[in-house]
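Inside the fold
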4 protein chains.
Amino acid sequence: MPDFNTILNTVFQEVTNQPDTGKVATYIPELACIDIEKFGIHLLDIDKNEYNVGDSQERFSIQSISKVLTLSMAMNLIGEKVWDRLDVEPSGDPFNHLSLLEQENGIPRNPLINAGAIVIADILVSELKNPKREFLEFVRQISGDTSIAYDEHVANSEKATGFKNYAAANLLKSYDNLKNDVLEVLDFYFYQCSLSMSCSQLCDTFYLFINRGKCKRQQDFLTVNQVKRINALMLTCGFYDEAGEFAFRVGLPGKSGVGGGIVALLPKKFCVAVWSPGLNKKGNSTRGMAVLERLTTLSDLSIF
Amino acid sequence: MPDFNTILNTVFQEVTNQPDTGKVATYIPELACIDIEKFGIHLLDIDKNEYNVGDSQERFSIQSISKVLTLSMAMNLIGEKVWDRLDVEPSGDPFNHLSLLEQENGIPRNPLINAGAIVIADILVSELKNPKREFLEFVRQISGDTSIAYDEHVANSEKATGFKNYAAANLLKSYDNLKNDVLEVLDFYFYQCSLSMSCSQLCDTFYLFINRGKCKRQQDFLTVNQVKRINALMLTCGFYDEAGEFAFRVGLPGKSGVGGGIVALLPKKFCVAVWSPGLNKKGNSTRGMAVLERLTTLSDLSIF
Amino acid sequence: MPDFNTILNTVFQEVTNQPDTGKVATYIPELACIDIEKFGIHLLDIDKNEYNVGDSQERFSIQSISKVLTLSMAMNLIGEKVWDRLDVEPSGDPFNHLSLLEQENGIPRNPLINAGAIVIADILVSELKNPKREFLEFVRQISGDTSIAYDEHVANSEKATGFKNYAAANLLKSYDNLKNDVLEVLDFYFYQCSLSMSCSQLCDTFYLFINRGKCKRQQDFLTVNQVKRINALMLTCGFYDEAGEFAFRVGLPGKSGVGGGIVALLPKKFCVAVWSPGLNKKGNSTRGMAVLERLTTLSDLSIF
Amino acid sequence: MPDFNTILNTVFQEVTNQPDTGKVATYIPELACIDIEKFGIHLLDIDKNEYNVGDSQERFSIQSISKVLTLSMAMNLIGEKVWDRLDVEPSGDPFNHLSLLEQENGIPRNPLINAGAIVIADILVSELKNPKREFLEFVRQISGDTSIAYDEHVANSEKATGFKNYAAANLLKSYDNLKNDVLEVLDFYFYQCSLSMSCSQLCDTFYLFINRGKCKRQQDFLTVNQVKRINALMLTCGFYDEAGEFAFRVGLPGKSGVGGGIVALLPKKFCVAVWSPGLNKKGNSTRGMAVLERLTTLSDLSIF
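In this report, the structure presented in the accompanying data block is examined. Because the structure is a prediction, the values reported are computed rather than measured. (Residues numbered from 1 in each chain as written. Chains lettered and ligands numbered in written order. Predicted model: local features only at pLDDT ≥ 70, side-chain atom pairs only at ≥ 80, totals over all residues. Heavy atoms only, no water.)

Comments concerning the sheet that holds strand E6 (residues 254-256) of chain B
All names here are of chain B. If you walk across this open sheet you meet the five strands as E2-E1-E8-E7-E6, and the pairing is antiparallel. For this open sheet the edge positions go to strand E2 (50-54) and E6, each flanked by a neighbour on one side alone. Mean inter-strand twist for the sheet, computed between neighbouring axes without regard to direction, equals 5°. Where strand E1 (residues 40-45) lies against strand E8 (residues 270-275), six bridges are found, and the strand directions are antiparallel. (Pairing = 2+ DSSP bridges. Helix = DSSP H or I, 4+ residues; strand = E, 2+ residues; numbered from the N terminus. Axes fitted to C-alpha atoms, helices over the stretch in contact; angles between N-to-C directions.)

Things to note about the state of the cysteines
All names here are of chain A. Throughout the structure, instances matching the rule amount to zero disulfides over all chains. Here Cys 33 is not disulfide-linked; the sulfur of Cys 193 is the nearest cysteine sulfur, at 17 Å. We classify Cys 33 as exposed; its relative accessible area is 61%. (Disulfide = S-S within 2.5 Å. Buried < 20%, exposed > 50% of the residue type's maximum accessible area, 1.4 Å probe, protein only.)

Remarks on unusual backbone geometry
Positive phi, close to 50°, is recorded for B:Tyr240, a residue that is not glycine. If you trace the backbone, B:Tyr240 turns up in the loop between helix H10 (224-237) and helix H11 (243-249).

Side note on a positive patch on the surface
A surface patch of like charges, here positive, comprises A:Lys268, A:Lys269, D:Lys268 and D:Lys269. Note that D:Lys268 resides in the loop between strand E7 (261-266) and strand E8 (270-275). Assessed through its relative accessible area of 43%, D:Lys268 is described here as partly exposed. (Patch = residues over 30% accessible without salt bridge, like charges linked within 9 Å, V, L, I, M, F, W, Y side chains within 5 Å. Areas by Shrake-Rupley, 256 points an atom, 1.4 Å probe, with all protein chains shown as cover. Salt bridge = Lys/Arg side-chain N within 4 Å of Asp/Glu carboxyl O. Lys, Arg positive; Asp, Glu negative; His and termini not counted. Charge placed at Lys NZ, Arg CZ, Asp CG, Glu CD.)

Points about the interface of chain B and chain A
Every contact between the two is made by 16 residues of chain B and, on the other side, 16 residues of chain A. Taken together, both faces of the contact between chain B and chain A bury some 1,500 Å²; the carbon and sulfur share is 61%. It is B:Glu102, B:Phe163 and B:Lys164 in chain B that bury the most area against chain A; as a group they hold 36% of the surface buried on that side. Where chain B packs against chain A, one counts zero salt bridges. At the junction of chain B and chain A, the tally comes to four residue pairs in polar contact (both at pLDDT 80 or more). No other element matches helix H7 (residues 163-174) of chain B, which puts eight residues into the side of chain B that touches chain A. Broken down by class, the residue content of the side of chain B that touches chain A amounts to seven nonpolar, six polar and three charged. (Contact = heavy atoms within 4.5 Å. Buried area = accessible area lost by both parts, 1.4 Å probe. Polar contact = N/O pair within 3.5 Å; in protein donor to acceptor, adjacent residues only side chain to side chain. Nonpolar A, V, L, I, M, F, W, Y, C, P; charged D, E, K, R; others polar.)

Brief notes about the sheet that holds strand E2 (residues 50-54) of chain A
Residue and element names in this part refer to chain A. Strands sit in the order E2-E1-E8-E7-E6 across an open sheet of five strands; the sheet is antiparallel. Looking at strand neighbours, the two that pair on one side only are E2 and strand E6 (254-256), the edges of this open sheet. Taken pair by pair, the neighbouring strands of this sheet meet at an average axis angle of 5°, ignoring direction. In the sheet, strand E1 (residues 40-45) pairs with E2 via five bridges, with the strands oriented antiparallel. Across the sheet, Ile 41 pairs through a bridge with Val 53, a residue of E2.

Side note on the side chain of A:Glu102
Looking at the element boundaries, A:Glu102 is found in helix H3 (residues 97-103). Of the side chains with opposite charge, B:Lys164 lies nearest to the buried A:Glu102, which makes no salt bridge, at 4.3 Å. Of the polar contacts made by the side chain of A:Glu102, one reaches the backbone nitrogen of B:Leu98; its length is 3.0 Å.

Remarks on the interface of chain D and chain A
The partner chain A presents 37 residues to the 37 residues of chain D that form the contact. Here chain D meets chain A over a buried area of about 3,100 Å², counting both sides, of which 55% is carbon and sulfur. Broken down residue by residue, the surface that chain D buries against chain A is led by D:Lys228, D:Phe248 and D:Phe304, which jointly contribute 26%. The tally of links from chain D across to chain A stands at four salt bridges. The salt bridge partner of D:Glu293 is A:Arg229, with a shortest N-O separation of 3.4 Å.

Examining the relation of the copies chain D and chain A
Mapping chain D onto chain A is achieved by rotating through 180° and translating by 0.0 Å along the same axis, at an RMSD of 0.0 Å. Interpreted geometrically, this transformation is the action of a two-fold axis. In this assembly, 100% of the residues forming the interface of chain D have copies in chain A that are likewise at the interface, indicating an isologous arrangement. (Least-squares fit on C-alpha atoms with pLDDT ≥ 70 in both.)

Focus: the packing of aromatic side chains
Evaluated as defined, the whole model comprises 48 aromatic pairs over all chains. The interplanar angle of 90° and the centroid separation of 5.4 Å between the aromatic rings of D:Tyr150 and D:Tyr191 together place this pair among those described as edge-to-face. With D:Tyr150 in strand E4 (residues 149-150) and D:Tyr191 in helix H8 (residues 182-193), the pair connects residues that are 41 residues apart, well separated along the chain. The burial state of D:Tyr150 is the same as that of D:Tyr191; both residues are buried. Positioned over the ring face of A:Tyr191 is A:Lys132, at 3.7 Å from the centre of the ring. (Phe/Tyr/Trp six-rings, centres within 6.5 Å; stacked < 30°, edge-to-face > 60°. Lys NZ or Arg CZ within 6 Å of the ring centre and 35° of its normal.)

Points about the relation of the copies chain B and chain A
Of the transformation placing chain B onto chain A, the axial shift is 0.0 Å and the rotation is 180°, giving an RMSD of 0.0 Å. Here 100% of the contact residues of chain B are again contact residues in chain A; the copies associate through an equivalent surface.

Side note on the arrangement of the chains
For chain A and chain C, which are not in contact, the least C-alpha distance works out to 10 Å. Chain B shows no contact with chain D. Their nearest C-alpha atoms sit 10 Å apart.

Some remarks on the packing of helix H6 (residues 152-161) of chain A against helix H8 (residues 182-193) of chain A
Residue and element names in this part refer to chain A. For the pair H6 and H8, the least separation of the axes is 8 Å and the interaxial angle reads 135°. Between H6 and H8, the interaxial angle falls into the category oblique. As for how H6 packs across H8, the hand of that crossing is right-handed. In this structure, H6 contributes Glu 152, Ala 155, Asn 156, Glu 158 and Lys 159 to the contact, and H8 contributes Asp 187, Phe 190, Tyr 191 and Cys 193. For the contact of H6 with H8, a count of residues per class yields four nonpolar, one polar and four charged. (Parallel < 35°, antiparallel > 145°, perpendicular 65-115°, else oblique. Left-handed = near helix turned anticlockwise from the far one by under 90°.)

Here it is as structure tokens:
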């Protein structure tokens, strides 16, 4: 293992010295007021050593990073049946997400784009008695941290303004690929996205994906095979329309959120979470991307 | 003027002798139970002579034909400002209506496709105190027939199942091209589509478009220029993805609805309404299309 | 009939007084050096009265206007079989013409877009012994003017640079919707587009379409039915992505070319040709469009 | 390292026992006559141990697998400048490759789809004096095998029928993203695709990508960073529209060709080549895909 302590500090310094060209996401009003200067990195290796720098203990809205967790819970519950209603291909299209859904008759390209995550939300709403409570419980168990919680202000903010998600859910419904009521599914979906977690808590949770499906307390949540597949999906589909770029420059499976968080991991070695709210045009944290590119370069660790 | 009496009877006979290859629309449950054998034609010439055959006095759900009437009311109310939020080009695309909306940043191609008609509905909801009541009053005044009414069963049926319209309205909202609440606009939209009218009543109403903007009682509702533009839109955009085919085979401006109605007209000469609920794959009445093609061939009347 | 003499002079003056916001097409090098100040109008009524103003006798490259003439010749030769390989719907898409061809498996939307006109060219290459000579002869016969000729400089200029047309032809070939050799078909196509004609000669030629298929010397070239269909196609598809706009503002069937020419017509009444090389963003002559809008407004003549 | 000998024999047996649902590619006539029963596997580990079964020494047309090799040569020649003319995102679109090119103004999505590989071919044609000879020499040097050669019959067969490639190259030219003559570039492209190699020779060549840029004789051809990036591209873009599926099921970077070959690799561990000419609907060898899925499952070796 490389000297992560030195590497993280070097990278943090390098990136801080550059101006942040990103912009805070404004389309969810509640997220628009985040301080763009927030910046934290946390790294957890397979032996549970931890390294961090900056605002690594401060909670932020994980947003789309939650899609990996709902997918995990759905696979845990119904296994491969998930794929009857979803594909596993990169969406690759910067500007017409609903177009793809229409052209492909209501089968979302993958579970990490919004339409796909809404189908996963629908599965959880069907399978669980109290979806919000049980999903939160699932995340708390994986991470071993009972303080993790939803941010209702964020959830309600998106509920009031997330018209593209209403459009996607209704389009799915028109193709009969949504079994429950649109508003009920989206209520759950907006809550899952509002999960508030720190870089440190994200690492605790994503330890599962570097440890072949076992959480930090060695409890099984996913099979080895399921973890490999979820990692593959993170690599090919985890960064909106920039998945290829991330694989190309960073070379790790990962997932970003518009709250400015990114989590990435090297199976059997380490997982790392970065938070910096300035986003590039494709919706990924500019500093987060820079950190991870430098980290894999300096450590010479990547899946490739 | 040709002998319309003979022509209508000839055409009615010819078409009745052919098997109806169309299918009744099923996506609005309330429309699915219509008797496919219904078949009526009504023609009204500029001198107010009337000719009819079959079920020409029976009311049916006019559906998308109503889009011409809401457009007329919107132009009557705010004139050319309508075009700030809409284009006037044929959509020309059989399979991806929402795609176009996405690619063109929320500006619907024209007011006769669903997304465009929803923008028009939004305009009426903004401009009118009681949109449903006032629009109905507008149609009654044009037609001179106070018995025209909404069919609430049809409106509610579509309200419960019209998910693609909810998707379109939310997508418009996400592009800020819907000013009012999505549900409020769609409530109006589903009511306008549920208007129940006979072929005879449709002719009385569309007389406006052959009479340079004046209704049968010679009251002005639209300017000459507005009528020319609405007629142009009917020709280029009135038949979903079959507008070119209709112009090519029939050569008249017109508008169809999934209830099986079609109204078509030759400016300064006549307007004609046909009703037969069996639809072709593109959503237009098969017998209606056949009737109008034969009618223009036998009468040698078309705009071309 | 209105006083066309006064109207043409009024319109010419009005439009000349406005700055020309258009730009000369540069993608065919040979066309880029045209004097943007050229401006002519010619009108021919059904009784063969002629009215003109400006550079109405000067020849220019008719480019896409030729597509109406090759279509006419193809329909004259093989009739309705033309439609086995082409559709009649507006393309309606400003930015992805090859996309449509791909999505629709090599069937061009209509014969007035490039891909469709290349299929028509292929038909003529199959049907004729000496396509270039015989097509020129066809145009000379219709117009009664043996001085009409190709401009080989323009043809060769496009042959050297028309890569999108090579792409379209090869794509058609890949779908087996091109029977002859790509280069042979395009050679003919580039020649047809290079036809050099004046506004006056265009009117002589398009007289056919206002006179139910008979040329000025009353010789039959097309049936009444064929003329109606070609006129319908000009209305729905004659102005690239601006066909709806033209129908909406002008209300006449017509066809434009990137040489700056537009020909438009009112069946049984008159045809009119305008030439002004400055084009708008959609490839249509800005002054030509303005002239025709004013002409139909002042004369109160349109098909609607 | 697992017992590859046993694993390969097990997998070979398992897959042979299943009927081959694939079909031989017919669009290149010269490839259509391949015996569908051909089936070979070859594996080379980082220590240069070799394992094989079936027709592993028989040569076949590597087709698109060659794209990885031309990309490598281009990166070797001009480094990161390659990316000025190409993107690195998955294409993700099963049916409209030229559409994407059109929508994205002539910048191919990545170098492993045809349009992208044609741009790479253009770079080599610009950079090399005798592109065909020098590229062949490059492959021979990497593999250490001077017997590798083009199959001129295959090259000429595709030259006569590869209309979609002519379309793509002309479209690139229209966007000025092809510097040399279309026919010259495609001549090179068809030759590169016609390379005839065995599974064994493919492993010798792709050893470079498991050995951080050094060939079997430890000569440097690419930097560590370049190899990581090419491996990332193989993972996200190596299997046409099935890249996500391959990453999901197999979890290795790789590249397929319509000749029925697939090469895949685990960095620092092994590379493996499979050949079976029956292709699935997406153009990848059905048996090849099955072999690799079973191989990574039985060996528990994947990047995830």
